[in-house]
Amino acid sequence: MPAFPKATMATLLALYVAQGLPSGLFAHALPVFWREAGISLAWIGALKLLALPWILKALWAPVIDRSLWQVAPVRWVFGLQSAAALCLIGLGIVGLTPHGPWLPLTVAGILLINLLMATQDIITDGLAVRHVPAKWRGLANTLQVAGYKIGMLAGGAFLLILASHVDAQIALLLPATLLILLLVLIYRAPILRTPHRLSKSADEPQPSIIDGFIGLIRQPEMLFWLGIVACYKVGDAMGSGMVRPMLTDGGWTSEAIGNFTLATTVVGLLGAAIGGWLYTKLGGRRSLIWAGIAQAVTISAWVLVAIKGTSAALIYGVGIAEQLADGASTVVLFAMMMNLCRQQWAGTDFTVQASIQVVFAGLFGLAGGVLADSVGYNYTFLVAGAAGLLVTLLYLFKTRTMAQTSPA
């Protein structure tokens, strides 16, 4: 077994925490600040559109990957993370909740920060693929999920708490300061100091940008695998978005739902650790199957709440089980996605797969909302669980007959 890469893992954890900090601010804290300031729901709804760089980053991922053949990753990370911290400080100066002509400037600042952090994510994922041995990729993705969630909590929930004691503009210094501190901690990390050298002689032509875009799908059975990436989380995508509306309809207050969300988010970190352990012990294929089955069963369990009512004991029981399965299945899926990445295009290949997963999750989430509106929560959760189980079984039977070319 390859040695456990402690320094590499610590660096990756710091990078993923940094990337979660602005996301927590924009997803959790900013909608509260804006609504309290009387900003219209239309502008608040537009915040979702400002996360588009996280979906579209595959378009410039090959350019970033190719630059890393000559440029040390630290140069990119230093520039991106420093710029994001300066933008956060700039938002604090302009104001998080300006009215009139300053509001578009704030929106532009948010879009720019998302662009910077989405670009850094390409580099971080590429580092994880290149420097973490396959045996330890389950744990690497545990750190990815955990680090991002920790960053979101610090930039979202903790910032909201801090803002209740000091001015929101001062509270905004928290994520900016943490970004700078994390950058100082990892600046001299070995994996950031060396460009990714291709194992080709200088006389051979270098791979083209076009190869970065389309080379992934040319690999054997890749179209089948990309279909699994798109649909593996179908149950979670269709069902999880309907849980909180169901609780609201059941009479739960926003405070009670907030406490439930905080508790299950923490449990999700444990689920991510379980996913890393499963991958290490069972390997990719078997852990993906077992985690997929658990995900389908636990999302279906919300039917019990839809039928029996929103008692706290039942909701917390189902919610904890579902988040354990969700965290585990996410980590295992990401680890498998890393296994399919080409070394010279590691950031691009992982980004393409991640973008596909996010886009289809949004489509399935929309389908879940339409279905719940038409036939109710109970049938929606049943369909979500059945769809997730069907995808998992399809992967099981297909890979049983193609052991030599399976992504396992």
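Residues numbered from 1 in each chain as written. Predicted model: local features only at pLDDT ≥ 70, side-chain atom pairs only at ≥ 80, totals over all residues. Heavy atoms only, no water.

### Considerations on the overall build of the protein
Condition: The helix and strand labels rest on DSSP assignments: H or I over at least four residues marks a helix, E over at least two residues marks a strand, and numbering proceeds from the N terminus. Radius of gyration: over C-alpha atoms. The globule rule applied is 2.2 Å multiplied by the number of residues raised to the 0.38 power. Here the term buried applies to any residue with accessible area under 20% of the maximum for its type, exposed to any over 50%, and partly exposed to those in between, with areas from a 1.4 Å probe on protein chains only. Surface exposure here means Shrake-Rupley accessible area, sampled with a 1.4 Å probe, where a residue is shielded only by the protein chains that are shown. When charges are counted, Lys and Arg are positive and Asp and Glu negative, with His and the chain ends excluded. Here the site of a charge means atom NZ of a Lys, CZ of an Arg, CG of an Asp or CD of a Glu.
Scanning the protein from N- to C-terminus turns up 21 helices and 0 strands. At 21 Å, the protein has a C-alpha radius of gyration in line with the 22 Å of a compact globule built from 408 residues. For the protein, the spread of C-alpha atoms along the three principal axes comes to 70 × 55 × 35 Å. Per-residue burial over the protein gives 51% buried out of 408 residues. Within the structure as shown, the protein displays about 17,800 Å² of accessible surface, and the carbon and sulfur contribution to it stands at 70%. Distance from the positive charge centre (24 side chains) to the negative charge centre (16 side chains) of the protein: 9 Å.

### Digging into a nonpolar patch on the surface
Going by this rule: The patches reported here contain residues having more than 30% relative accessible area and no salt bridge. Joining distances are 9 Å for like charges and 5 Å for nonpolar side chains (Val, Leu, Ile, Met, Phe, Trp, Tyr). Whenever Lys or Arg places a side-chain nitrogen within 4 Å of a carboxyl oxygen from Asp or Glu, that contact is recorded as a salt bridge.
Residues Leu86, Ile89, Ile93, Val94, Trp102, Leu105, Leu162, Val166, Ile170, Leu173, Ile180 and Val184 make up a contiguous nonpolar surface patch of roughly 1,100 Å² in combined accessible area. Those elements that place two or more of their residues in the nonpolar patch are helix 5 (73-94), helix 6 (102-131) and helix 10 (173-186). Broken down by element, the nonpolar patch gets its largest block of residues, 4 residues, from helix 5. Looking at the element boundaries, isoleucine 170 is found in helix 9 (residues 168-171).

### Describing the confidence of the model for the protein
We count it as follows: Confidence of the prediction at every residue is given by pLDDT, a number between 0 and 100. Contacts are residue-level and defined by heavy atoms, with any inter-residue pair within 4.5 Å sufficient.
Looking at the protein, pLDDT values average 86 and 93% of them are 70 or higher. Model confidence for the protein, summarised as mean pLDDT per element, is weakest for helix 2 (residues 41-46) at 68 and strongest for helix 17 (residues 284-300) at 94. Across residues 403-408, confidence stays below pLDDT 50; counting only partners more than four residues off in sequence or on other chains, it has 12 contacts.

### Quick notes on empty space enclosed by the protein
We count it as follows: Points on a 1 Å grid over protein atoms alone make up a cavity when a 1.4 Å probe fits among them but cannot get out, and a pocket when they form an open set with protein on both sides within 12 Å along at least five of seven lines; lining residues each have an atom within 4 Å of a point. Grid points are joined across faces, edges and corners, and a volume is the space filled by probe spheres set on the points. Three categories are distinguished: nonpolar for Ala, Val, Leu, Ile, Met, Phe, Trp, Tyr, Cys and Pro, charged for Asp, Glu, Lys and Arg, and polar for the others, with Gly belonging to the last.
For the structure shown, the criterion picks out 1 cavity of 30 Å³ or more. There is about 40 Å³ of room inside the largest cavity. Taken together, Leu68, Pro73, Leu127, Arg130, His131, Ile191, Thr194, Pro195 and His196 make up the lining of the largest cavity. The class makeup of the residues in the lining of the largest cavity is 5 nonpolar, 3 polar and 1 charged.

### Structural notes on the nonpolar core
For the record, the criterion: The set of buried Ala, Val, Leu, Ile, Met, Phe, Trp, Tyr and Cys residues whose side-chain atoms join them within 4.5 Å is what this entry labels a nonpolar core.
The biggest cluster of nonpolar side chains holds 111 residues, and the ones touching the most others in it are Trp34, Trp225 and Trp302. Looking at this core, the element that brings in the most residues is helix 1 (residues 6-36), giving 14 residues.

### Examining the pattern of salt bridges
Counted according to the given criterion, the structure contains 4 salt bridges. A salt bridge links lysine 57 to aspartate 121, with the nearest nitrogen and oxygen atoms 2.4 Å apart. Pair noted here: lysine 57 is in the loop between helix 3 (52-56) and helix 4 (61-67) and aspartate 121 is in helix 6, with a separation of 64 residues, a long-range link. Neither residue differs from the other here; lysine 57 and aspartate 121 are each classed as buried. A salt bridge links arginine 130 to aspartate 65; the shortest N-O distance between them is 3.2 Å. Taken as a pair, arginine 130 in helix 6 and aspartate 65 in helix 4 lie far apart in primary sequence, 65 residues in all. Residue aspartate 65 is classed as buried on the basis of its relative accessible area, which comes to 0%.

### Side note on the environment of alanine 291
With respect to the helices, strands and loops of the structure, alanine 291 is situated in helix 17. Sequence-distant contacts of alanine 291, that is, excluding residues within four places in its chain, are made with Tyr232, Ala328 and Ser329.

### With respect to the side chain of asparagine 114
With respect to the element layout, asparagine 114 can be found in helix 6. On the accessibility criterion, asparagine 114 (5% relative accessible area) is buried. Beyond its immediate sequence surroundings of up to four residues, asparagine 114 is in contact with Phe26, Leu50, Ala51, Pro53 and Trp54.

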